[in-house]
Amino acid sequence: MSRMLSRSDNGKFLALELLTTRRAEVLSRITEGEPPSTSFYSFLKLTRKKYFVSYLDQLKEALEADDMMDFLGNETFQSYSHAKNGFSMKEVLSVPSIVERAITGLAAELIDSGDVKPGDAMAATLLVHEMLGQAATIRAESFTQTRDEIIRFYHSYQEEIDRFPSNLAATLDFSTLLLSAVKKCRDLVGAERCAFFTRDLLTNDLHLEASNFDEKTFGDRVVALDEPIVKKLVHQRESVVVEGYPRSMPHISAVMRTAKTKRMALVPLLVRDRNVGVMMLDNVENPQIFTTEKMNLAERFANKVAASMENARLHGSEQKKLKETIALLEVSRLVTSTLDIDVLLSRLVQITADVCEVGKCTMYIYLEENGRFFPTATFGMFPDSEWETALSAGVLPGDIISEEIDALMRNEVAVSEAHLSPFIPPDRLEDTGVKSVLLVPISSRDHLLGIMGLFYAKERDELDGEDLNLVSAIAGQAAVAMDNASLYEDLEMSYFSTVKALARAIEVKDPYTYGHSERVTEYAMVIGKKLDLSEWDLRNLKYAAALHDIGKLGIAGHILNKPGALSEDEFVHIKTHPQMGDSIMEPVSFLKEPRAIILHHHERWDGKGYPEGLKGKKIPLGARILAVADSFEAMMSDRPYRKALDLQDAIKEIEDNAGTQFDPLVVTAFIDALDEDAGQLVISSSEALEDDSDDAVSGLD
């Protein structure tokens, strides 16, 4: 049984409300033109509405039952069906992303109107995001598996090409195949020189793929076919032996003169009785080699090569589709696994550069307040290619050719000629080989968020349409991720503002603690990053550090501000503040994990701490980090009964107590961070008086 992660009851209630009483508003956000315009979406409006109503019903039922099994089973079936019918990965994944966009957009609107609380909306959207993220993953996995089955069926259906010639049929790499065919042609047919061409189906021009002729023979690697040869090779699908330099065939005569040969054979490469190319042969030393028997052998060989070429082409196409599928699956996983937009965009440009085989890919974010595009993430292999540093002031929309910026604003892909693009310096064109720059808009609800720039070594008219579709799909995922991250960041800031307000409440009661929580938070975050804590663990540590002394709201003021040593009863009383803090935080659901850190931040590594006397790694790691940060800040601040220690003395106290009061690993991380920062991290305040007498130097004994 697939179970959903727990969220707050209010969040679940709101999610159900969006899927029931507010369903019409959700459906209204699924516009007619939003999905791709393919046969998958070419059903009647009524049918289309019923489809999404049914989908929302299934989502609601899964949410009510807290059980995703039936919902994900249906996703698997739909993906299997669509893959069998030839739909693309983008089409298969579009349904959950469209529904999520509609629900998230409505939740954001309800926050703005004040109809729902931000916390409830956050919980609801994260719950829906998690469910639909699982759906997208299941769809992608099912799609990939189904496509693999189709590929395996196709290859098993075809008989293995005859072992004539040799193992040529087993070669699936197109270039390797034809280079092997050139060599085999000489051995089997007796030709001195051989060349293989693919044919442009529109112009009938031949494009050289492999040859052992002199490089100058075919000039720019394109050979035009004379009309009589087109008639024989293409229409009649027969071989041609050209002798001399016939005037009726000026193009092939020019090739023969350059090759210094007087007799040349042209054999059609046929796939299912369709000409896809030409095999060109000659033998200067023995021009009479092309007898009827030899030509029959050459034609049989050409048929095997053509079949192998088609096999390799199909394999290459499927490999490319599989690579694209894996790339989109990875993008989908990223979007559902992290809200760190910097990490996400850095990985997206890397995936895009790899799958599209470009020298460089850069993400530019559009900031409305500046009216400029700024480079945010980049990946590439050009030498000394960090020219984005020269673009620190950003690129103005007016710097981009008007037709291209207009296309981007209409959410359309634009292609710039490299020498006219503001995104690459003119002096870098030659050494990088960039000939065109593909600009893909990243838009959300007709609002331009940024541009993905791909730097190609191809001319603009050579760009592959499939690459454009793939990059557009990745850009669409980037837009969704940026929207999600923005919503999460807004809610996170709202929560943290509340947390800081609570921390200020402590300072009102005890003036000696002014600024203490902020400094402890900074030290704790430095240690956490040094220990490579996850994004989520750092977030919990930040909240815990800001609120670690919240329990002192329940401590009598005369004890907190007592200038001398505490009595035994007073010390027992002040040691209750971790439990009081835990109790105060208990009703706040999003602080569930930070509560454990707050409760145990006075535990000791040797088990002599409080409130529970936990020992070693049984103490939560966040609490061990906070213990070091809290104690160090206490020593670096003045107290009612003593002055602050200097930096070296404070460091020595921390080091001396590693292994007794503190986790040695945490101490090492903190000292290393101080060394790397050359002491600049330390915030010593003679005005800020620390209240926590049990954190005093004497408390380290």
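The shown structure was predicted, so the numbers you read here are calculated from the model rather than taken from an experiment. (Residues numbered from 1 in each chain as written. Predicted model: local features only at pLDDT ≥ 70, side-chain atom pairs only at ≥ 80, totals over all residues. Heavy atoms only, no water.)

**Let's talk about the overall build of the protein chain**
Thought 1: Counting its regular elements, the protein chain contains 23 helices and 13 strands.
Thought 2: Burial analysis of the protein chain (701 residues in total) assigns 50% to the buried set.
Thought 3: Long-range pairs, those at least 24 residues apart, make up 66% of the contacts in the protein chain between residues at least 6 apart in sequence. (Helix = DSSP H or I, 4+ residues; strand = E, 2+ residues; numbered from the N terminus. Buried < 20%, exposed > 50% of the residue type's maximum accessible area, 1.4 Å probe, protein only. Contact = heavy atoms within 4.5 Å.)

**A word on unusual backbone geometry**
Thought 1: Here Tyr-610 and Pro-611 are connected by a cis peptide whose omega angle stands at 15°.
Thought 2: When you line up the elements, Pro-611 lands in the loop between helix H20 (592-599) and helix H21 (621-635).
Thought 3: Of note, Asn-204 is a non-glycine position whose phi angle comes to about 70°, a positive value.
Thought 4: Secondary-structure assignment places Asn-204 in the loop between strand S1 (193-199) and strand S2 (206-211).
Thought 5: Asn-204 gets classed as buried once you look at its relative accessible area, which sits at 17%.
Thought 6: In the Ramachandran plot, Arg-237 falls in the positive-phi region, its phi being about 55° despite a non-glycine side chain.

**Details of the sheet that holds strand S6 (residues 274-282)**
Thought 1: Taken in spatial order, the six strands make up an open sheet running S3-S2-S1-S6-S5-S4, and their pairing is antiparallel. If you trace the sheet from one side to the other, it starts and ends with strand S3 (222-223) and strand S4 (240-243), each paired once.
Thought 2: Relative to S2, S1 runs antiparallel, the two sharing five bridges. For Thr-198, the partnering residue across the bridge sits in S2 and is His-207.
Thought 3: Against the sheet, helix H8 (residues 227-235) engages S1, S4, strand S5 (263-271) and S6, with an angle of about 40° to S5. (Pairing = 2+ DSSP bridges. Axes fitted to C-alpha atoms, helices over the stretch in contact; angles between N-to-C directions.)

**Remarks on the sheet that holds strand S8 (residues 372-380)**
Thought 1: The strand order S8-S7-S11-S10-S9 describes an open sheet built from five strands, whose pairing is antiparallel. Of all the strands in the sheet, the pair left with one neighbour each is S8 and strand S9 (414-417). For this sheet, the mean angle separating the axes of adjacent strands, direction not counted, is 25°.
Thought 2: Looking at chain direction, S9 and strand S10 (residues 436-444) are connected through four bridges and run antiparallel. Directly across from Ser-416, in S10, lies its bridge partner Val-437.
Thought 3: Contacts between helix H12 (residues 402-409) and the sheet are confined to S8, S9, S10 and strand S11 (447-456), with S9 contributing the most and set at about 160° to the helix.

**A short note on the confidence of the model for the protein chain**
Thought 1: When pLDDT is averaged across the protein chain, the result is 78; 76% of the residues are at 70 or more.
Thought 2: In the model of the protein chain, strand S13 (residues 685-689) stands out as the element of lowest mean pLDDT, 39, in contrast to helix H9 (residues 250-259), which has the highest, 93.
Thought 3: Here residues 153-170 scores under 50 on pLDDT; set against residues more than four positions off or in separate chains, the count is 27 contacts. (pLDDT = per-residue confidence, 0-100.)

**Points about the pattern of salt bridges**
Thought 1: Inspection of the entire model under this criterion finds 17 salt bridges.
Thought 2: Between Glu-17 and Arg-22 there is a salt bridge, and its shortest N-O distance comes to 3.4 Å.
Thought 3: For Glu-17, a relative accessible area of 25% gives the class partly exposed.
Thought 4: Salt bridges sharing common partners tie together Glu-17, Arg-22 and Glu-25. (Salt bridge = Lys/Arg side-chain N within 4 Å of Asp/Glu carboxyl O.)

**Notes on the packing of aromatic side chains**
Thought 1: Counted by the stated rule, this structure contains eight aromatic pairs.
Thought 2: The interplanar angle of 70° and the centroid separation of 5.6 Å between the aromatic rings of Tyr-55 and Phe-71 together place this pair among those described as edge-to-face. Highlighted residues: Tyr-55 in helix H3 (residues 45-65) and Phe-71 in helix H4 (residues 69-84), separated in sequence by 16 residues. Take Tyr-55 and Phe-71: they sit in the same class, and that class is buried. (Phe/Tyr/Trp six-rings, centres within 6.5 Å; stacked < 30°, edge-to-face > 60°.)

**What about helix H19 (residues 577-585)?**
Thought 1: Among the residues of H19, those classed as buried are His-577, Pro-578, Gly-581, Asp-582 and Met-585. On an axial view of H19, the arc spanned by its buried residues comes to 145°, and they lie on one face. (Arc of directions from axis to C-beta.)

**Here we look at the side chain of Asp-582**
Thought 1: Assignment of secondary structure puts Asp-582 in helix H19.
Thought 2: A relative accessible area of 18% places Asp-582 in the buried class.
Thought 3: Only 3.0 Å separates the side chain of Asp-582 from the side chain of Arg-595, close enough to count as a polar contact.
Thought 4: In this view, Asp-582 contacts Arg-595 and Leu-599; residues no more than four positions away in its chain are not counted. (Polar contact = N/O pair within 3.5 Å; in protein donor to acceptor, adjacent residues only side chain to side chain.)

**Examining the nonpolar core**
Thought 1: If you look at the biggest cluster of nonpolar residues, it comprises 39 residues, and the most contacted ones within it are Ile-527, Ile-625, Val-628, Phe-632, Ile-654 and Phe-670.
Thought 2: Elements with a contribution of two residues or more to this core: helix H15 (516-530), helix H16 (535-547), H20, H21, helix H22 (647-656) and helix H23 (664-676).
Thought 3: Among the elements that make up this core, the one with the highest residue count is H21 (eight residues).
Thought 4: Within the second largest apolar cluster, 33 residues are counted, among which are Leu-56, Leu-63, Ile-98 and Ala-107. (Core = buried A, V, L, I, M, F, W, Y, C linked by side-chain atoms within 4.5 Å.)

**Topic: H12**
Thought 1: All of the buried residues in H12 are Glu-404, Ile-405, Ala-407 and Leu-408. Down the axis, H12 shows its buried residues gathered within 155° of arc, on one side only.
Thought 2: Where H12 is buried, its residues contact S8, S9, S10 and S11.
Thought 3: Of the residues one or two after H12, Asn-411 is the one with positive phi, at around 65°.

**Re the environment of Asp-205**
Thought 1: Counting through the fold element by element, Asp-205 comes out in the loop between S1 and S2.
Thought 2: Distance from Asp-205 to Leu-225, taken between C-alpha atoms, is 6.1 Å for residues 20 residues apart in sequence.
Thought 3: Ignoring any residue separated from it by four or fewer positions in sequence, one finds Asp-205 in contact with Thr-198, Arg-199, Asp-200, Val-222, Val-223 and Ala-224.

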